[in-house]
Amino acid sequence: MMDKMPRWADVFLVPLICLIIAFVFSGLLIWGIGQSPLQALQVMIKGAIYNPESMERTTNAWGYTLYYATNFMFTGLAVSIAFQASLFNIGGEGQATLGGLGVALSCLLIPWPHWSLALCGSIIGAMAFGAAWAFLPAWLQARRGSHIVITTMMFNFIAYALMNYVLVNMLRPVGSMDPASARFDKALNLPKLGEILGAVGIPFSTKNPANISLFIALACAVAVWALLWHTRLGYQIRAFGKSEKAAVYAGISPFKITMLALMLSGALSGMMAVNSVHGQAHRLVLNAVEGAGFIGIAVALMGRNHPFGIVLASLLFGFLYQGGSQLALGTEIPREVITVLQGLVILFTGALPYMVQRPLAWAFSRGAR
Amino acid sequence: MDLAGVLQILDSTIRLSTPLLFACLAGLFSERAGVFDIGLEGKMLAGAFLAASVSFATGSVWWGLLAGIVASLLFAAVHGLAAITFRGNQLISGVALNFLASGLTVVLGASWFGLGGQTPALAGGMRFSAIDLPFALAHTPENQPALKALSLLPGLYSQVLSGHSILVYVAVLCVPLTWWVLYRTRFGLRLRAVGENPAAVDTAGVSVVGLRFAAVAITGVLCGLAGAYLSMGLSAGFLREMTAGRGYIALAALIFAKWRPWSALLACVLFGLLDAIAIRYQSIDLGWMVIPVQFTQALPYILTVIILAGFVGKAIPPRSGGEPYVKER
């Protein structure tokens, strides 16, 4: 029955319908608390995509949307690469937290002569620390059979406690009450998206945190695509994900694939910190990840585990996140509506896909007759 | 540390263990029946929220309790639908429901009460009142000096065991009850079987779907109790995100207890004790080293990872946990 459905319907129509259902439910919720869903949508669009007042404000809104989207690209790719190996890494939150520590240590301890070198240092630090935080759960899964979902979840909490300790007792500047590190040297600040686009003659606001990391995220998406579909390792990861028994029969080592897929996943989650810690905050704060690790799950599910889909889904969630933050300013609607929407998207795309797929497949099989 | 201090820590250990115990037993029923549930946190949060809201609206803690259970049951029903009926991914469903609860409680709370997501403070009959065991000193302000002066055994009785709300005692009673249901009833045998080998249960002519839904419903009721205790017993009202990861600690306790009721009690008391210590002391100076409070906070998770790693007795989950049952492949 399933194979009666054309591929385009499975890839585009199913996520789209899930998204529409999630939007309808959220709209009903907004309507239920006595607010106008349409007004909410207007505020969100004005704050995140198009502001009719001026071009400057429109590009600024896009800057914020793209900044958030960059975070979600990293965490979404991270979740998807583990998903390809049939491993559910919900430790993106913790891995990104540790990635932030890697970035902060690199920026604070090494006197980089130029931002570009500091950027390389940040990338290496973020990837190394993110992958290291995924190492133990990966090893426990591969060697001891400890369920990856539970261990990565535990490691999220351990990461939070560790970060709390490191910030309060080690990185906090003398005399400061904030659990946060010192600010990085201003010379290390990454070029903003507005500056880069301005240099090639495209006017774009520089008052937003979007920065060069966006291009790194896009490059990562291409790299993940190339890795998964055009290298031997990628083939092994996907084969392992489809059937562990068949993979073993084909000479693929489950230990190696589990370790590599999860550590790559951790490294990608950690990369998020290049954008948020080095690109935006310029210092390490306690809750630098702000749930982006979890949004990565929604992004990966929505993007059907394909880098191209993940980039699109990241843009969507970037819009929702930025638009949602504007709700508090323009309306009486709490921004947590976005959390509800996010939960619904995860529920319908991840847990209830058959609910949408079955009637669709039935409809297509009827149409084909 | 003096005796009064120790007794106070034990007293708050019992209070803090109670929601963990409810949630842990909730997870036990679900996972023993083969349905993974990482949505304990969300169900507790939903239960805590609706319990406090209805209790405030009606002025009765009992209506609140009922509402908390209903809210949690609704979430359990969605999880059942996704995990059992539509054979979706149980882990993802749990994650989704946690988000839904986290968002819905704030959105609805903010619009109902206009307090940014919390309910108004509950007082009087809107909260569970303390129950004094026979012959125990009541925990009234004028009794405080007398309570502090008690020696070990009377102190343990009056200060630690007595003076909790009804749900604390219900939670403790749920442990032998769970044990009895699981190991001494036909329903319990079938429930455990459906988590290990659903095909065998199906062959015996018993409905796998029905059993799993029953288990998920019990999970819903127990999570509702956990939530109701949080907002109407432990605290006086609902605060946003007030579960603060307790659903995950309960899950950790469940693994720590290797999915067994009496061990669950021990694990929850241990994790409750760690919580009580972390709340009372910033860091513990042992003389030769200082244990930072962050370590105490992370200890439940670290212990769970160690148990999961199988170096100290392996934790083996129910064999068919997480797999939807498909009849006639």
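It should be emphasised that the depicted structure is a prediction, and the values quoted were computed from it without experimental measurement.

Criteria and thresholds
- Per-chain numbering applies: the sequence of each chain, read as written, is numbered from 1 onward.
- The order in which chains are written sets their letters, starting at A; the order in which ligands are written sets their numbers, starting at 1.
- In keeping with the model being predicted, local features are shown solely for residues with a pLDDT of at least 70 and side-chain atom pairs are shown and tallied solely at 80 or more, while totals for entire chains, interfaces and linings include all residues.
- A run of H or I in DSSP counts as a helix once it spans at least four residues, and a run of E counts as a strand once it spans at least two, with each numbered from the N terminus.
- For the radius of gyration, the atoms used are the C-alpha atoms, and the globule rule reads 2.2 Å times the number of residues raised to 0.38.
- Put plainly, a residue is buried at 20 or more neighbouring C-beta atoms within 10 Å of its own, exposed at 12 or fewer, and partly exposed in between, counting only other residues' C-beta atoms, which are placed from the backbone.
- Each residue gets a C-beta atom placed from its backbone, and two residues are in contact if those atoms lie within 7 Å.
- Every axis in this analysis is a line fitted to C-alpha atoms, fitted for helices over the stretch in contact. Angles between the N-to-C directions lie between 0 and 180 degrees.
- Oblique is the label for any angle not under 35 degrees, not over 145, and not in the 65 to 115 range, which are roughly parallel, roughly antiparallel and roughly perpendicular in turn.
- Throughout, a crossing is termed right-handed when the near helix is turned clockwise from the far one, and left-handed when it is turned anticlockwise from it by less than a right angle.
- The nonpolar class holds Ala, Val, Leu, Ile, Met, Phe, Trp, Tyr, Cys and Pro. Asp, Glu, Lys and Arg form the charged class, and all remaining residues, Gly among them, are polar.
- pLDDT is a per-residue confidence score from the predictor, ranging from 0 to 100.
- Multiplying 1.5 Å by the residue count of a helix minus one yields the expected span of that helix.

J.: Would you explain the overall build of chain A in this entry?
T.: For chain A, the helix and strand inventory stands at 15 helices and 0 strands. Against the 2.2 N^0.38 benchmark of 21 Å for 369 residues, chain A shows a C-alpha radius of gyration of 21 Å, consistent with a compact globule. For chain A, with 369 residues in total, the buried portion stands at 54%. Of the contacts made within chain A by residues no fewer than 6 positions apart, 75% connect residues no fewer than 24 positions apart.

J.: Help me understand the overall build of chain B, please; the structure alone is not making it clear to me.
T.: Within chain B, the regular secondary structure consists of 13 helices and 4 strands. The C-alpha radius of gyration of chain B comes to 20 Å, within 12% of the 20 Å expected for a compact globule of 329 residues. Viewed in the frame of its principal axes, chain B has a C-alpha envelope of about 70 × 50 × 40 Å. The buried share among the 329 residues of chain B stands at 53%. Counting contacts in chain B only where the partners sit at least 6 residues apart, residues at least 24 apart contribute 76% of the total.

J.: Explain the packing of helix α3 (residues 61–85) of chain B against helix α4 (residues 90–113) of chain B here, please?
T.: All names here are of chain B. Running from amino to carboxyl end, α3 crosses α4 at an angle of 150°, the nearest separation of the two axes being 9 Å. The pairing of α3 with α4 is recorded here as roughly antiparallel in orientation. Both α3 and α4 take part in a crossing whose hand is right-handed. Where α3 abuts α4, its residues Phe75, Val78, His79, Ala82 and Ala83 lie against Gln90, Ser93, Gly94, Leu97 and Ala101. Considering only residue class, the contact of α3 with α4 consists of 6 nonpolar, 4 polar and no charged.

J.: When you look at the confidence of the model for chain A in this model, what are you seeing that I'm missing?
T.: In low-pLDDT regions, the fine details of the predicted coordinates are not to be read closely. In this model, chain A carries a mean pLDDT of 90, and residues with pLDDT of at least 70 account for 98%. Within chain A, the lowest mean pLDDT, 81, falls on helix α15 (residues 353–368) of chain A, and the highest, 96, falls on helix α8 (residues 213–230) of chain A.

J.: Whenever I open this one, helix α4 (residues 92–109) of chain A confuses me. Can you help?
T.: Each α-helix winds once per 3.6 residues, and so residues spaced three or four apart point in a common direction. The terminal C-alpha atoms of α4(A), which comprises 18 residues, lie 25 Å apart, in line with the 26 Å expected from a rise of 1.5 Å per residue. Burial analysis of α4(A) places 15 of its 18 residues in the buried class, which makes it a mostly covered element.

J.: Just checking my understanding: could you explain the interface of chain A and chain B for this structure?
T.: If you look at the interface, chain A gives 36 residues, while chain B gives 36 residues. Elements with a minimum of two residues in the side of chain A that touches chain B: α5 (115–144), α6 (148–171), α14 (337–351) and α15 of chain A. Split into classes, the residues belonging to the side of chain A that touches chain B amount to 25 nonpolar, 9 polar and 2 charged.

J.: Looking at this structure, how should I read the environment of A:Gln236?
T.: Within the secondary structure layout, A:Gln236 lies in helix α9 (residues 232–242). Taking C-alpha positions, A:Gln236 is 49 Å from A:Gly32, a pair spaced 204 residues apart along the chain.

J.: Which parts of the structure should I look at to understand the packing of α6(A) against helix α13 (residues 293–309) of chain B?
T.: Running from N to C, α6(A) and α13(B) cross one another at 155°; their axes reach a closest spacing of 9 Å. On the basis of the axis angle, α6(A) is roughly antiparallel to α13(B). Taken as a pair, α6(A) and α13(B) cross one another with a handedness that is left-handed. Together, A:Ile150, A:Thr151, A:Met154, A:Phe157, A:Ile158, A:Ala161, A:Asn164 and A:Tyr165 of α6(A) and B:Gln294, B:Gln297, B:Ala298, B:Tyr301, B:Ile302, B:Thr304, B:Val305 and B:Leu308 of α13(B) make up the contact between the two elements. Of the residues in the contact of α6(A) with α13(B), the class split is 11 nonpolar, 5 polar and no charged.

J.: Please explain helix α8 (residues 186–196) of chain B as it appears in this structure.
T.: Among the residues of α8(B), B:Leu191, B:Ala193, B:Val194 and B:Gly195 are the ones counted as buried. Close packing links the buried residues of α8(B) with α1 (3–32), α7 (166–184), α9 (198–203) and α10 (208–234) of chain B.

J.: It is not clear to me how the environment of A:Glu195 should be interpreted in this structure. Could you clarify?
T.: Residue and element names in this part refer to chain A. Position of glutamate 195 among the secondary structure elements: in helix α7 (residues 193–199). C-beta crowding within 10 Å serves as the criterion here: with 13 such atoms nearby, glutamate 195 is assigned to the partly exposed category. Counting along the chain gives 11 residues from glutamate 195 to threonine 206, while the straight-line C-alpha distance between them is 6.6 Å.

J.: Mind showing me how you'd approach the environment of A:Gln357 here?
T.: Within the secondary structure, A:Gln357 is located in helix α15. Between the C-alpha atoms of A:Gln357 and A:Ala128, which are 229 residues apart in sequence, the distance is 40 Å.

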